[in-house]
Amino acid sequence: VEEALRQAQKMEAVGQLTGGIAHDFNNMLATVIGPLDVLATRLGDSDPRTRRYIELALDGALRAAQLTQRLLAFSRQQPLQPVALDPNRLVAGMSGLLAHSLGSSVRLETVLAGGIWWIHADENQLENVILNLAVNARDAMPDGGRLTVETANCDLDHRYAADNAGVQAGQYVLIAVTDTGAGMTPEVMAKAFDPFFTTKQVGRGTGLGLSQVYGFVKQSAGHVKIYSELGQGTTVKVYLPRLLRRPQQQDANPARAASALP
Ligand code: ADP
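Described in the following lines is the structure provided in the data block. (Residues numbered from 1 in each chain as written. Predicted model: local features only at pLDDT ≥ 70, side-chain atom pairs only at ≥ 80, totals over all residues.)

## A short note on the site of the ligand
- Close to the ligand lie 22 residues; Asn136, Ala140, Thr198, Gly205 and Gly209 are nearest.
- The set of elements that each furnish at least two residues to the shell around the ligand consists of helix H5 (123-139) and helix H8 (209-219).
- Examining the composition of the shell around the ligand, we find that three residues originate from one element, H8, more than from any other. (Near = placed C-beta within 6 Å. Helix = DSSP H or I, 4+ residues; strand = E, 2+ residues; numbered from the N terminus.)

## Describing the environment of Gly144
- Note on placement: Gly144 falls in the loop between H5 and strand S4 (145-156).
- Sequence-wise, Gly144 and Thr234 are 90 residues apart; in three dimensions their C-alpha atoms are separated by 14 Å.
- Setting aside residues no more than four positions away along its own chain, Gly144 makes contact with Ser105 and Val106. (Contact = placed C-beta atoms within 7 Å.)

## Concerning the packing of H5 against H8
- As a packed pair, H5 and H8 sit with axes 9 Å apart at the nearest point and diverge in direction by 145°. Read as a crossing pair, H5 and H8 show a hand that is left-handed. In this structure, H5 uses Gln125, Val129, Asn132, Leu133, Val135 and Asn136 to contact H8, whose residues at the interface are Gly209, Gln212, Val213 and Phe216.
- For the contact of H5 with H8, the class distribution of residues is five nonpolar, five polar and no charged. (Axes fitted to C-alpha atoms, helices over the stretch in contact; angles between N-to-C directions. Left-handed = near helix turned anticlockwise from the far one by under 90°. Nonpolar A, V, L, I, M, F, W, Y, C, P; charged D, E, K, R; others polar.)

## A few points about the nonpolar core
- Formed by 35 residues in total, the largest nonpolar core has its most connected members in Ile130, Leu133, Ala134 and Val173.
- Every element with two or more residues in this core is listed here: helix H4 (95-102), strand S3 (119-122), H5, S4, strand S5 (170-179), H8 and strand S7 (233-241).
- Considering each element in turn, this core owes the most residues, six residues, to H5.
- Not counting the four nearest positions on each side in its chain, Ala134 is found in contact with Leu98, Ser101, Leu102, Leu147 and Val177. (Core = buried A, V, L, I, M, F, W, Y, C linked by C-beta atoms within 7 Å. Buried ≥ 20, exposed ≤ 12 C-beta atoms within 10 Å, placed from the backbone.)

## Observations regarding the sheet that holds strand S6 (residues 223-229)
- Overall, mixed pairing links the five strands, which are arranged S2-S4-S5-S7-S6 in an open sheet. Edge strands, defined here as strands with exactly one partner in the open sheet, are strand S2 (106-111) and S6. Mean inter-strand twist for the sheet, computed between neighbouring axes without regard to direction, equals 15°. (Pairing = 2+ DSSP bridges.)

## A closer look at the packing of H4 against H5
- Orientation of H4 relative to H5, taken along the N-to-C sense of each, is 25°, at an axis distance of 9 Å. Compared by their axis directions, H4 and H5 come out roughly parallel. Our pair here, H4 against H5, has a crossing hand that is right-handed. Residues Leu97, Leu98, Ser101 and Leu102 of H4 form the contact with H5, whose participating residues are Leu131, Ala134, Val135 and Arg138. (Parallel < 35°, antiparallel > 145°, perpendicular 65-115°, else oblique.)

Right, here's the structure in full:
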């Protein structure tokens, strides 16, 4: 519990600090981008070399602005809008987007459990979580590999809860994202959820992906755990509390609905 609390406090402090800085920085960037834009337009085609330099500067400033947008989004404690949803449908619906983000050298596999329980979660943010995990997996497999997204019904028992601070024993839906990539050292794994912790090059990683995952899962009364073996790959397991009753209007297909209910 103490560990979870420490992490939450850290996220909040960093979030507030970041929000303030990002906001001011964004305003300063506007005073750079505006004039550069005017300059580039005025120059037209009269001086292509000078124009090229201006465009380079503009490009850099726009990228910085993009980063501050992401920081602002991170620091804003966006309220969740949970809805009842079928995790299998959500994962299946993402396969096009996932395949596109993974590129051609990574094979995508989905293993969807039959009779899956429904969950109560913010659909957009859960999609974002899965996408974040997939992008990390892709980055860990520069030479290609396999990404598996798996769903399962899962009981976390009291022993598991006792061993994992902050976990409430009960019935969860597991969404696991596994890659066959580089894996993490124990040192990286220990810091992976920290905001701004990244091992990636400047401009490639913000170190916010996993801390966003952590924040979402905590807010959703769930649990997230990383298993990683150096040189073998990584599995990130996201557990979300199951919905006990499926909402009435969703039981359109009686056969399927019956098989999913306990
Ligand atoms: P970012 O991806 O911007 O670096 P994250 O918070 O998503 O930020 O990840 C933090 C760090 O955790 C990464 O820089 C990387 O070192 C490590 N990491 C995350 N996911 C994986 C993975 N699937 N395989 C190996 N390392 C990972």
